[in-house]
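Residue strings, one per chain:
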Amino acid sequence: MTVMVPSRTPALITPGRQALDSALHQLGQAAEHLGLDDGLRTILATPRRSLTVSVPVRREDGRMEVVQGFRVQHNVSRGPAKGGIRFHPGTDLDEVTALAMWMTWKCALVGIPYGGAKGGVAVDPAALTTRELERLTRRYVNEILPIIGPEKDIPAPDVGTDEQTMAWIMDTYSVNAGYSVPGVVTGKPMTLGGSLGRTGATARGVLIATLTALGRSPEGVRVAVQGFGKVGAQAARYLAEAGCVIVAVSDAGGAVHRAAGLDVAGLRAWTAEAGGVSGYPHADAMDPADLLELDVDVLVPAALEGAITEDNAPRVRARLIVEGANGPTTPQADEILAATGTTVVPDILANAGGVIVSYLEWVQNMQALPWSAAEVERKLTAMMREAYGEVAALASDRGRTLRQAAHAIGVGRVAEAHRARGLYP
Ligand SMILES: NC(=O)C1=CN([C@@H]2O[C@H](COP(=O)(O)OP(=O)(O)OC[C@H]3O[C@@H](n4cnc5c(N)ncnc54)[C@H](OP(=O)(O)O)[C@@H]3O)[C@@H](O)[C@H]2O)C=CC1
Ligand SMILES: O=C(O)CCC(=O)C(=O)O
């Protein structure tokens, strides 16, 4: 089974379908490289369990609205399913399925004993009050309760969710169980069994991936960051602390640019007050689409899928792209970037710091044994470097891109688990 990805008119395809097409294309390539048989390819292309739920939410004015929620467990051959929960108006079953599939390969690539999952609720969290969000989260958790648990499926934060959301998930699950179950979710507040270092973990991983890929001093390296949320803002901070010059950042509402470098702490403070980067007085406004085409050394897409496509890839000038986001580059764009000699550190490697520290949090919860920040950082760094080394070695050995190598390793390990368990016909 080779999954072909035809070039399609954007109007005819949803972003979620585009993401799933990309994920299936990458799987098809990896399966081809690994010589997997058709049965196993089909198993790996198909989610193990997909749950769609209707989530009623009572608004403050008494109105009742119903939104759709999803939890997809793509694969559980290597352990419990693991992956974040996204609250975003554009999310749908296709998108969540793609994100769950990427989680499967990511966990296998970095060698943690999990399968892959993702959840989503098609809602704009910014349009709800805190009480509405809490009611929505608890109701969604009640709907997916039968399939989650510390040994079954462990959610975590993603776009539009945070520590508070994870606390509500932990509480809802625990109230149903009749006792506290911290290991049901990661990315929790410290007071509920969260791990030191989880908040910045994805960005720390992006930093490690960037420094490794650069292979030279980061001093003066010019970086543009798309997305200024949990991943993008902290990646900008860590990269600036390492000596890089952050020349532009964007969010859903706009982008700002300063050739001499942005004051990341000042911009974060502005964003916390103003609700977005737009209007920041110490930089120039720019079209967010232009950020992706800036003349910089490094581009960090840290927003949503499908940011770099066949349309803008020919104009991307960064020589290095480090994918903080999941699925920001389409397969068609990947081909263009490979031809122009642009190095892409793929999502399942570059943003794996988050799930690595989620795993460390879960291990601490299961043993009721907290680790120091230094211990967590040491383990994260070692696991990121090992995974990067394996991917880079395979890529140079076989003349593959880093993405092709990362997928070959991740998919190969999951295939190996299926064979060992004897689960496939
Ligand atoms: N959180 C985690 O631990 C992990 C996250 N990831 C991935 O990283 C990415 C970002 O997640 P996270 O930081 O957690 O999410 P957040 O919700 O914290 O932040 C998302 C950011 O992206 C911005 N954004 C949305 N649409 C656009 C757009 N079209 N152009 C520019 N910016 C945009 C948002 O802007 P605004 O605020 O204006 O809406 C916001 O700044 C996602 O792909 C996620 O799957 C990967 C691994 C782990
Ligand atoms: O921390 C986790 O468990 C998952 C984070 C996530 O959703 C991701 O890596 O995309």
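Under an unreviewed UniProt entry, the name given to the protein is Glutamate dehydrogenase, and the organism recorded is Nonomuraea longicatena. For the record of the protein, the UniProt heading Sequence similarities (unreviewed entry) holds the text "Belongs to the Glu/Leu/Phe/Val dehydrogenases family."

### Section: the site of ligand 1
In the region of ligand 1, 27 residues are neighbours, and Gly227, Gly229, Asp251, Ala325 and Gly354 sit closest. Those elements giving two or more residues to the shell around ligand 1 turn out to be helix H7 (230–241) and strand E7 (245–251). Among the elements that take part in the shell around ligand 1, H7 stands out by supplying 3 residues, more than any other. For the shell around ligand 1, the class distribution of residues is 10 nonpolar, 14 polar and 3 charged. The residue makeup of the shell around ligand 1 includes at least three contributed by each of domain 2 (47–180) and domain 3 (201–350).

### Quick notes on helix H10 (residues 331–339)
Buried within H10 we find Pro331, Ala333, Asp334, Ile336 and Leu337. Contacts from the buried residues of H10 go to helix H1 (15–34), strand E12 (343–345) and helix H14 (402–421). Where H10 ends, the next residue or the one after it, glycine 341, has phi of about 80°, a positive value.

### Some words on the sheet that holds strand E11 (residues 320–322)
Pairing is mixed across the open sheet formed by 7 strands, whose spatial order is E9-E8-E7-E6-E10-E11-E12. In this open sheet, the two strands that pair with only one neighbour each are strand E9 (284–286) and E12. Direction aside, neighbouring strands of the sheet carry axes that sit 20° apart on average.

### Brief notes about the pairing of E7
When you tally the buried positions in E7, you get 6 out of 7 residues, the bulk of the element. Where strand E6 (residues 222–226) and E7 come together, 5 bridges link them in parallel fashion. In the strand pairing of E7, valine 225 is matched with valine 249. Taken together, E6, H7 and E7 form a β-α-β motif whose crossover is right-handed. Sheet analysis places E7 next to strand E8 (residues 254–257), joined by 4 bridges and oriented antiparallel. Each residue of the ladder has a partner; that of alanine 248, found in E8, is histidine 257. In this antiparallel pair of consecutive strands, E7 and E8, the connection spans 2 residues.

### A look at the site of ligand 2
Around ligand 2, the surrounding shell holds 13 residues, and the nearest of these are Gly84, Ala156, Gly354, Val355 and Ser358. For the shell around ligand 2, the elements supplying multiple residues, two or more each, are strand E3 (81–87), helix H3 (93–109) and helix H12 (353–367). Residues of the shell around ligand 2, tallied by class, amount to 3 nonpolar, 7 polar and 3 charged.

### Some thoughts on the domain arrangement of the protein
Examined at the domain level, the protein breaks down into domain 1 (1–43), domain 2 (47–180) and domain 3 (201–350). A C-alpha centroid distance of 24 Å is found between domain 1 and domain 2. Class assignment for the residues of the side of domain 1 that touches domain 2 results in 5 nonpolar, 3 polar and 1 charged.

### Some words on unusual backbone geometry
The phi dihedral of alanine 368 is positive, around 50°, even though this residue is not glycine. Checked against the element boundaries, alanine 368 lands in the loop between H12 and helix H13 (373–398). Assessed through the 9 C-beta atoms surrounding it within 10 Å, alanine 368 is described here as exposed.

### Overview of the pairing of E3
The two faces of a sheet get side chains in turn, since along a regular strand they alternate between them. Within E3, 7 of the 7 residues are buried, leaving the element largely enclosed by the surrounding structure. Sheet analysis places E3 next to strand E4 (residues 115–121), joined by 5 bridges and oriented parallel. Within E4, the position partnered with alanine 81 by the bridge is glycine 115. Remark: the E3/H3/E4 crossover connection has right-handed handedness. As paired elements, E3 and strand E5 (residues 153–157) share 5 bridges and run parallel to each other. Within E5, the position partnered with alanine 81 by the bridge is aspartate 153.

### Some details on the confidence of the model for the protein
One rule of thumb: low pLDDT means the predicted coordinates there are not for detailed reading. Confidence in the prediction for the protein averages 96 pLDDT; 96% of positions are at 70 or higher. The low-confidence segment residues 1–5, where pLDDT is below 50, has 13 contacts with residues more than four positions distant or belonging to other chains. Of the two predicted TM-score estimates for the complex, the pTM is 0.96 and the ipTM is 0.99.

Calculation notes
- Residues take numbers from 1 onward in each chain, read along the sequence in its written order.
- All chains are assigned letters beginning at A, and all ligands numbers beginning at 1, according to the order in which they are written.
- With pLDDT at 70 or above as the cut-off, local features in this predicted model cover only qualifying residues; side-chain atom pairs require 80 or more to be listed or tallied, and sums for whole chains, interfaces and linings still use all residues.
- UniProt positions are given in the numbering used here, feature names are shortened, and annotations may be inferred rather than shown by experiment.
- Nearness is defined per residue: the C-beta atom, placed using the backbone, must lie within 6 Å of the molecule or strand.
- The numbering of helices and of strands both runs from the N terminus, where a helix is a DSSP run of H or I of at least 4 residues and a strand a run of E of at least 2.
- Each residue gets one label: Ala, Val, Leu, Ile, Met, Phe, Trp, Tyr, Cys and Pro are nonpolar, Asp, Glu, Lys and Arg are charged, and the others, such as Gly, are polar.
- Domain segmentation is taken from an automatic or database assignment of domains.
- Three classes are used. A residue is buried when 20 or more other C-beta atoms lie within 10 Å of its own, exposed when 12 or fewer do, and partly exposed in between, with C-beta atoms placed from the backbone.
- For every residue pair, C-beta atoms are placed from the backbone, and the pair is scored as a contact if these atoms sit within 7 Å.
- DSSP bridges decide pairing: two strands pair if at least two such bridges lie between them.
- Here an angle of 0 to 180 degrees is reported between the N-to-C directions of two axes, which are lines fitted to C-alpha atoms, with helices fitted over the stretch in contact.
- Handedness of a crossover: with both strands directed away from the viewer, a clockwise path from the first strand across the helix to the second marks it as right-handed.
- As a per-residue measure, pLDDT tells how confident the predictor is, with possible values from 0 to 100.

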